[in-house]
Amino acid sequence: MKILVTGGAGFIGGNFIHDTLANYPDDTVICVDKLTYAGNMETLTPVMDNKNFFFEKADIADSVAIRAIFEKHHPDIVINFAAESHVDRSITDPGIFLKTNIIGTQVLLDASREFDVKRYHQVSTDEVYGDLPLDRPDLLFTEETPIHTSSPYSASKAGADLLCLAYIRTYKMPITISRCSNCYGPYHFPEKLIPLMLINAMQDKPLPVYGKGENVRDWLYVIDHCRAINLIVRNGTPGEIYNIGGHNERANIDVVKEILQQLGKPETLINYVTDRAGHDMRYGIDPTKINNELGWLPETKFEDGLKQTIKWFKENKKWWQNVLDGEYQKYYERNYGDRL
Ligand code: NAD
Ligand code: TYD
């Protein structure tokens, strides 16, 4: 099977490529990535010499480049991880989110249709459902929860999902969509909560917690997300949406305190800062459908996953130190300068 993976130099796509090449040795993986600030070739170093792996640098919104890549590789499966993925960046600069996340998806869908791919899979997010109240722990997102977005990021991801649903109905394309909760693990770009707090704490820098730190996220170890996607593209039903999550809701402040505790650092590093505009209160996934239909269950408990993640960041300082370059410093100043 030839699998074309977009966004494979990023966090989840990179982990997906490592895990797929290790567990499906008969498959070939072609990674297409524009190498934006979030894409890092060092994430792909462990697979660069694998004879079943190919890399193509391209923008998914560039229809000429994408068509040429499809013509060259003729993929059986296309999995679209590529996206602008950070809510805070979408608040300051929404335009690129619409271009990559919506137009990029349209370009990939059109190429998949022209080249008759057997499965197109859209990697979406639980953020398309909006948020849940803190005082109703009984409420969870199901696949039927209406789309109700809060940020330019989630709106652009919802736009892409709607486009996929339109192509299913109009062109009868074999498309699946997955909507996962917040992931964490190795190769996570340090603008997101867990790696940012980890790296700041390791350097004894303040940990900027938005608002009161009471917002809740439903955390899943990245490899559990990757395995769910492999199950969906191989055994899932075309035309279906699958929620992915492991019933692991935590308030941000509790996650931050757990990181400090595991690193042996003091809570005095915590710095409460101005809240994010439009900040979603709580995400909580109901994964019953993927459990029942595909037998998927998360394998990694949060405590173990966090330990493994901390160990990885301690052992891979070079990876994240290279990431903390000029662009990242400018972003950090832009996003946190007025807040602190
Ligand atoms: P990431 O920001 O770490 O990586 C994104 C990758 O896409 C980078 O390698 C980047 O270079 C590439 N990319 C960006 N624009 C591109 C373009 N125009 N053309 C080609 N490549 C481009 O993101 P991530 O956290 O790995 O997320 C991957 C996907 O999973 C996204 O679609 C995101 O919406 C979704 N998702 C993420 C989470 C999470 O917790 N991180 C949860 C649910 C869903
Ligand atoms: P993030 O990792 O950006 O993921 P998302 O917004 O997509 O859920 O943020 C996770 C939570 O952590 C979210 O409630 C915002 C909060 N947060 C902070 O408190 N401080 C930070 O510096 C960051 C990046 C996030």
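As the structure is a prediction and not an experimental result, all values here were calculated from the model. (Residues numbered from 1 in each chain as written. Chains lettered and ligands numbered in written order. Predicted model: local features only at pLDDT ≥ 70, side-chain atom pairs only at ≥ 80, totals over all residues. Heavy atoms only, no water.)

## Looking at the site of ligand 2
Part 1 of the argument: Around ligand 2 sit 19 residues, and of these E127, R217, R276, H279 and Y336 come closest.
Part 2 of the argument: One of the backbone N or O atoms of P208 is found 2.8 Å from a nitrogen atom in ligand 2.
Part 3 of the argument: Within the contact set of ligand 2, an oxygen atom lies 2.8 Å away from a backbone nitrogen or oxygen of Y210.
Part 4 of the argument: Expressed as a share of its isolated accessible area of 520 Å², the protein-covered part of ligand 2 is 97%.
Part 5 of the argument: For the shell around ligand 2, the secondary-structure elements that each account for two or more residues are α6 (193-202) and β8 (207-210).
Part 6 of the argument: Among the residues making up the shell around ligand 2, the classes are represented as nine nonpolar, five polar and five charged. (Near = heavy atom within 4 Å. Polar contact = N/O pair within 3.5 Å; in protein donor to acceptor, adjacent residues only side chain to side chain. Areas by Shrake-Rupley, 256 points an atom, 1.4 Å probe, with all protein chains shown as cover. Helix = DSSP H or I, 4+ residues; strand = E, 2+ residues; numbered from the N terminus. Nonpolar A, V, L, I, M, F, W, Y, C, P; charged D, E, K, R; others polar.)

## Structural notes on helix α12 (residues 326-336)
Part 1 of the argument: For α12, the set of buried residues is Y328, Y331, Y332, N335 and Y336. End-on, the buried residues of α12 take up no more than an arc of 100°, which puts them together on one face. For α12, the exposed residues set more than 90 degrees away from the buried face come down to K330, E333 and R334.
Part 2 of the argument: Contacts from the buried residues of α12 go to α3 (87-92), α6, β8 and α11 (317-323).
Part 3 of the argument: Capping the start of α12, D325 holds a side-chain oxygen 3.2 Å from the backbone nitrogen of E327, two or three residues further along. (Buried < 20%, exposed > 50% of the residue type's maximum accessible area, 1.4 Å probe, protein only. Arc of directions from axis to C-beta. Contact = heavy atoms within 4.5 Å.)

## Focus: the sheet that holds strand β4 (residues 77-80)
Part 1 of the argument: On the basis of which strands lie adjacent, the open sheet formed by seven strands has the order β3-β2-β1-β4-β5-β6-β11 and parallel pairing. Edge positions in the sheet fall to β3 (53-57) and β11 (241-244), since each of these pairs with one other strand and no more. On average, adjacent strands in this sheet sit at an angle of 20° to one another, irrespective of strand direction.
Part 2 of the argument: The pairing of β4 with strand β5 (residues 119-125) spans four bridges and is parallel. Looking at the pairing, I79 lines up with H121 of β5.
Part 3 of the argument: In this fold helix α2 (residues 63-73) packs onto β1 (2-6), β2 (28-33), β3 and β4, with an angle of close to 160° to the strand it touches most, β3.
Part 4 of the argument: With respect to the sheet, helix α7 (residues 222-235) is in contact with β1, β4, β5, β6 (175-180) and β11, its orientation differing from that of β5 by roughly 145°. (Pairing = 2+ DSSP bridges. Axes fitted to C-alpha atoms, helices over the stretch in contact; angles between N-to-C directions.)

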